[in-house]
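What follows is the residue order along each chain.
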Amino acid sequence: MKFSIIILARNEADNLPQMVESVKSQGKDWEIILLEGGSTDDTRTVANNLGCKVFEQTDNLFSSLNKGLSLITGDIFTFFSGHDHYLPNAFDLVEKNIGDAMWIYGNISKGGKITKFSAFNKEQMMKYNCPVSWCFVRTEAIKKYNLKMRTDLKALGEFDFYRQLAIHETPIQIQEPLAYYKIHKNNVGRFAKEEKYLFR
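All of the points below concern the structure found in this document. Residue numbers restart at each chain and count upward from 1, following the sequence in its written direction. Per-residue local features of the predicted model are confined to residues with pLDDT of at least 70, and side-chain atom pairs are confined, for both listing and counting, to 80 or more; whole-chain, interface and lining totals are unaffected and use all residues. Hydrogens and water are ignored here; the side-chain numbers use all heavy atoms of the structure.

## A look at the packing of aromatic side chains
Then, number 1: Each aromatic pair joins two rings of Phe, Tyr and Trp (for Trp, the six-membered one) with centres within 6.5 Å, and gets the label stacked for planes under 30 degrees apart, edge-to-face for over 60, and tilted for any other angle. Tallying each qualifying case throughout the model produces twelve aromatic pairs.
Then, number 2: Judged by centre distance (6.2 Å) and plane angle (85°), the ring pair of phenylalanine 3 and phenylalanine 136 falls under edge-to-face. Within this pair, whereas phenylalanine 3 is found in strand S1 (residues 2-9), its partner phenylalanine 136 is found in strand S8 (residues 135-138), the two being separated by 133 residues in sequence.
Then, number 3: For phenylalanine 3, a relative accessible area of 1% gives the class buried.
Then, number 4: In this scheme, a residue with accessible area under 20% of its type's maximum is buried, one over 50% is exposed, and one in between is partly exposed, where area comes from a 1.4 Å probe on protein chains only. Looking at phenylalanine 136, the relative accessible area reads 2%, which means it is buried.
Then, number 5: A centroid spacing of 6.1 Å and a plane angle of 75° characterise the contact between phenylalanine 77 and phenylalanine 161, whose relative ring orientation is edge-to-face. Remark: phenylalanine 161 occurs in helix H7 (residues 157-166) and phenylalanine 77 occurs in strand S4 (residues 76-81); sequence separation between them is 84 residues. Per residue, the accessibility class of phenylalanine 77 equals that of phenylalanine 161, and both read buried. Comment: elements are numbered from the N terminus, with helices defined as DSSP H or I runs of at least four residues and strands as E runs of at least two.

Structure follows, in structure tokens:
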């Protein structure tokens, strides 16, 4: 099973080595589609040297992600961040638990204590309540359900993407955290005010 990771990156030269190593260490076939957006550091050079497939971002955040979706060659894809990294065996957990489902997501851990998401609730999903960056999706779902980012949105595009999928498919939920999430000054998520670093 090949994993495709789609990343929007700007000025992530210092963070990319750890993120890419966390992908390589999974021991799976992989590709990183990195959409670079006007970095003033060495993000592009570092990404190329680490084996990422580097492309230019478009003038719209979500059309850039659509470009990434059009370029993937893996069996499963996910959206990720250049400053986060995956936990050991994350891809194994996805591969072993996804079964025949179209998508899967994990929980988070704060301070070593797992915080569980509630069971999947389609009604809540329609209200954009979902664990966006913890989701892994079978690539075949893109064509099957004509999935794409809405470029008219200014925010919550990833939530809307998974909302589209949730109309048709119920995800598998696993209890383990899959990746390390770094809170920084540009985060806008609901955890940003709680503490500097979290697991997700």
